[in-house]
Amino acid sequence: MLTLADTHTRRIEGCGTPDQVWQSWAGLNELPAISAHALVPPAARAVIVAPHPDDEILACGGLLQLLAAQGSELLFVAVTDGDASHPGSPLWPQERLRQVRPQESALALQALGLALPAWLRLHLPDGGVAGRTPQLSATLAAQLRPGDIVFTTWRLDGHPDHEACGWACASACSASGATLVEMPVWGWHWAVPGDARVPWHRARRLPLPAPLLQRKRAALRCFASQMQDDPSTGSPAIVAGDALQRLLHAWEVYFL
């Protein structure tokens, strides 16, 4: 079983696995399909725990539209403000990111057609969530109800903040009687088709009709800080090219 100690095997450096490789793998189409209704049954509340502003759209922007359409109660938890994404950038200093990135999330949810949802902002240090895992778990457990469905990033996703959120949510769900659903984000970067490090036996595929996928694309364009190059440092966009396309397929994958 993989653990946090195996992070070196899940690097998110470089370009990662090209999107074309994933698109051509028949295994993705063979994953069992699931509906939003099955993921979040009637009367259940969906709690979306995002390590950084944009993870909630990248990982489950299609599902969010379906949940809104079926009238599910939603609670969003922003673990960090994402203010460490551009180290040393004159264009994107931390204070500006701290203000802009939550605004980008709000605009993105509007682009999905969601009414202003309930937010819980925890302001944990971007890049330092692993050191606050017990605190995060306790905070989440105090907010959760039995029967909640908690969506967060996969415990073995490769990004330390993503993994810490996954472990904290797993602990909080165990303590509260909520159900955990994990979502790969950076896993698509370091993994390859059929990768034994990925729990494919737990994976379910949520199909996204074309209108939902189009709105998800539009929502992601709201994250200018992450989707555009930084001319002040010469750094490329943080989420672009294959990194973006890997999360804009006509389906989303959830680990049950």
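Notes on the structure follow. The structure presented is a predicted model; accordingly, all values stated were derived computationally and were not measured.

**Things to note about the nonpolar core**
Alright, step 1. In terms of nonpolar packing, the biggest core is built from 53 residues, with I57, L63, L64, F151 and Y254 touching the most fellow members.
Alright, step 2. Considering every element that reaches this core, the biggest residue donor is helix α4 (residues 55-69), with seven residues.
Alright, step 3. Judged by nonpolar contacts, the second largest core, of 21 residues, contains V77, V129, L144 and A170.

**Some thoughts on the pairing of strand β1 (residues 45-50)**
Alright, step 1. Where burial is concerned, most of β1 is hidden: six out of the six residues are buried.
Alright, step 2. Along β1, one buried face is formed by R45, V47 and V49 and the opposite face, lined by A46, I48 and A50, is buried too.
Alright, step 3. Across six bridges, the pairing between β1 and strand β2 (residues 73-80) is parallel. Note on β2: the bridge partner recorded for A50 is A78.
Alright, step 4. On the question of chirality, the crossover connecting β1 to the parallel β2 by way of α4 is right-handed.

**Describing the state of the cysteines**
Alright, step 1. According to the stated counting rule, one finds zero disulfides in the structure shown.
Alright, step 2. The thiol of C165 is not disulfide-bonded; the next cysteine sulfur, from C169, is found 6.2 Å away.
Alright, step 3. C165 sits in the buried class, given a relative accessible area of 0%.
Alright, step 4. In this structure C169 is a free cysteine whose sulfur lies 6.1 Å from that of C173, the closest cysteine sulfur available.

**Observations regarding the side chain of T17**
Alright, step 1. Relative to the helices and strands, T17 is located in the segment before α1 (19-23).
Alright, step 2. A relative accessible area of 8% means that T17 is categorised as buried.
Alright, step 3. With near-sequence residues (within four places) excluded, T17 lies in contact with W22, W188, H189, W190, A191, V192, P193 and R246.

Basis of the calculations
Residues numbered from 1 in each chain as written. Predicted model: local features only at pLDDT ≥ 70, side-chain atom pairs only at ≥ 80, totals over all residues. Heavy atoms only, no water. Core = buried A, V, L, I, M, F, W, Y, C linked by side-chain atoms within 4.5 Å. Buried < 20%, exposed > 50% of the residue type's maximum accessible area, 1.4 Å probe, protein only. Helix = DSSP H or I, 4+ residues; strand = E, 2+ residues; numbered from the N terminus. Pairing = 2+ DSSP bridges. Right-handed = clockwise from strand over helix to strand, strands pointing away. Disulfide = S-S within 2.5 Å. Contact = heavy atoms within 4.5 Å.

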